[in-house]
Amino acid sequence: MTQLPIREELRGLHPYGAPQIDVPVRLNTNENPFQPPRDFIEDLGTAVVDVAKTLNRYPDREATKLREALGLYLSREAGVPTIHADAIWVGNGSNEVMMHVLQAFGGPGRRALTFVPTYSMYQEYARNTFTEFVTMERDADFTINAERASREVSALNPDVTFLASPNNPTGTALDLAVVEALLQATTGMVVVDEAYAEFRRPGVPSAVSLVQDNPRLIVTRTMSKAFGFAGARVGYLTAHAGVVDALRIVRLPYHLSSLTQAVALAALQHATELKTQVKLIREERDALVTWFDAQGYETTSSDANFVMFGKFADRHAQWQALVDEGVLVREVGPEGFLRVSIGTQAEIEVFKAALAKVGWR
Ligand SMILES: Cc1ncc(COP(=O)(O)O)c(C=O)c1O
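For every chain, the first residue of the written sequence is number 1, and numbering continues from 1 onward in sequence order. Selection of residues for local features in this predicted model requires a pLDDT of at least 70, selection of side-chain atom pairs for listing and counting requires 80 or more, and totals for whole chains, interfaces and linings are taken over all residues.

(A) Structural context of the packing of helix H3 (residues 94-105) against helix H4 (residues 121-128). Convention adopted: a line fitted to C-alpha atoms gives each axis, helices being fitted over their contacting stretch, and angles between N-to-C directions are expressed from 0 to 180 degrees. For the purposes of this entry, the term helix denotes a DSSP run of H or I that reaches at least four residues, the term strand denotes a run of E that reaches at least two, and both are numbered from the N terminus. In contact at an axis separation of 9 Å, H3 and H4 are set at 45° when each is read in the N-to-C sense. Taken together, H3 and H4 sit at an angle that is classed as oblique. Seen from above, H3 lies across H4 with right-handed handedness. Where H3 approaches H4, its residues Asn95, Met98, Met99 and Leu102 are matched on the opposing element by Met121, Tyr125, Ala126 and Asn128. When the residues that make up the contact of H3 with H4 are grouped by side-chain class, the tally is six nonpolar, two polar and no charged. Oblique is the label for any angle not covered by the other classes, which are roughly parallel (under 35 degrees), roughly antiparallel (over 145) and roughly perpendicular (65 to 115). In a left-handed crossing the near helix is turned counterclockwise from the far helix by less than a right angle, and in a right-handed crossing that turn is clockwise. In this description, a residue-residue contact is defined by the distance between C-beta atoms placed from the backbone, which must lie within 7 Å. Three classes are used: nonpolar for Ala, Val, Leu, Ile, Met, Phe, Trp, Tyr, Cys and Pro, charged for Asp, Glu, Lys and Arg, and polar for all others, with Gly counted as polar.

(B) Structural view of the sheet that holds strand E10 (residues 306-310). Taken in spatial order, the three strands line up as E9-E10-E12 in an open sheet, and their pairing is antiparallel. Every other strand in the sheet has two partners, leaving strand E9 (298-299) and strand E12 (338-341) as the edge strands with one partner each. In this analysis, strands are considered paired if DSSP registers two or more bridges between them. Both E9 and E10 contribute to a ladder of two bridges, which runs antiparallel. When the bridges of E10 are listed, Glu298 appears paired with Gly310. Each of E9 and E10 touches helix H10 (residues 271-295); the most contacted strand, E10, lies at about 10° to it.

(C) View of the site of the ligand. Around the ligand, 13 residues are found, and the nearest of them are Gly93, Ser94, Asn95, Thr222 and Ser224. Tallied by class, residues from the shell around the ligand come to four nonpolar, eight polar and one charged. We count a residue as near a molecule or strand when its backbone-placed C-beta atom lies within 6 Å of that partner.

(D) Quick peek at the packing of helix H5 (residues 146-156) against helix H6 (residues 176-185). Here H5 crosses H6 at 20°, and the two axes come no closer than 9 Å. The angle between H5 and H6 places the two elements in the roughly parallel class. Where H5 crosses over H6, the handedness of that crossing is right-handed. Across the interface between the two elements, Ala146, Ala149, Ser150, Val153 and Ser154 of H5 pack against Ala177, Val178, Ala181, Leu182, Gln184 and Ala185 of H6. Of the residues that constitute the contact of H5 with H6, the class distribution is eight nonpolar, three polar and no charged.

Here it is as structure tokens:
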């Protein structure tokens, strides 16, 4: 690569991605640990066979049926009036829809902002779209103070502000007052990344409820986490129809395959039964936080399907010691912390035993 006329700022960089190490217990990429239920798998199979008959044709460029179904699911989940297809955009994972957002609203001479620590891909979308990238620190408890944020953000006036809620890797959910304050403080787009929203605790609101009244607000979601559909690559967003129209301009033609559209539609039929899995994951998370507290670990209260824990003098050594015990967690976030995704009850038992065995590094 060093010999190639690659863009200067890409020279020597490594592709993003958590280590994919083959160990018995993998708790490092916030996946749903449960295999899809049997009838879910069968319905997906039927959908694939049906669509296979038309694979000589390009897919529906607008993915209209899928957008309609996602709108119905999201309005039920967030408890808002029906969201129509024109207020939904869908792509190959929420990573792709957020790239579309920066392709349409970022770009050369424009600025994106986020609050760290947070999901590190925002910086990569910015780099890939030649958008300037700036960060502000979250408060010590990883929340965002609405007053301080609006004061400082209004001076920067970013074209796009990314707010993850629940935040990765801290699990912190955002107060909607922060979203409203930032919409007031900037003239740019505000993106609330709700990849983990289905895991939020009762009473924690979703920013979806603010979309109707805010034409500069975008809320992204994904089927990768709660739906147990990470391998299928389906992410989406809701925003005003005008925003969706802007995103339709920058997408590649036929960006979402017929296969993806068909299996996502079939999966959405099973939304209700998948709720049981989400409930189990939530309960396991709350129990793990209680266990961490009792053992004297530092954690943050999490509304997601993972928990950040520490603090370790040498977190890399701690991570490696767990890998040696067959448990893969993620080395990410503030210095001294690791992040564990919520697995099945059996996997979490193995994790706890491994942690107890290796002690503190
Ligand atoms: C905060 C956050 N947003 C978005 C994503 C991307 O999810 P996907 O592209 O699978 O929809 C992730 C993945 O881990 C994430 O942690």
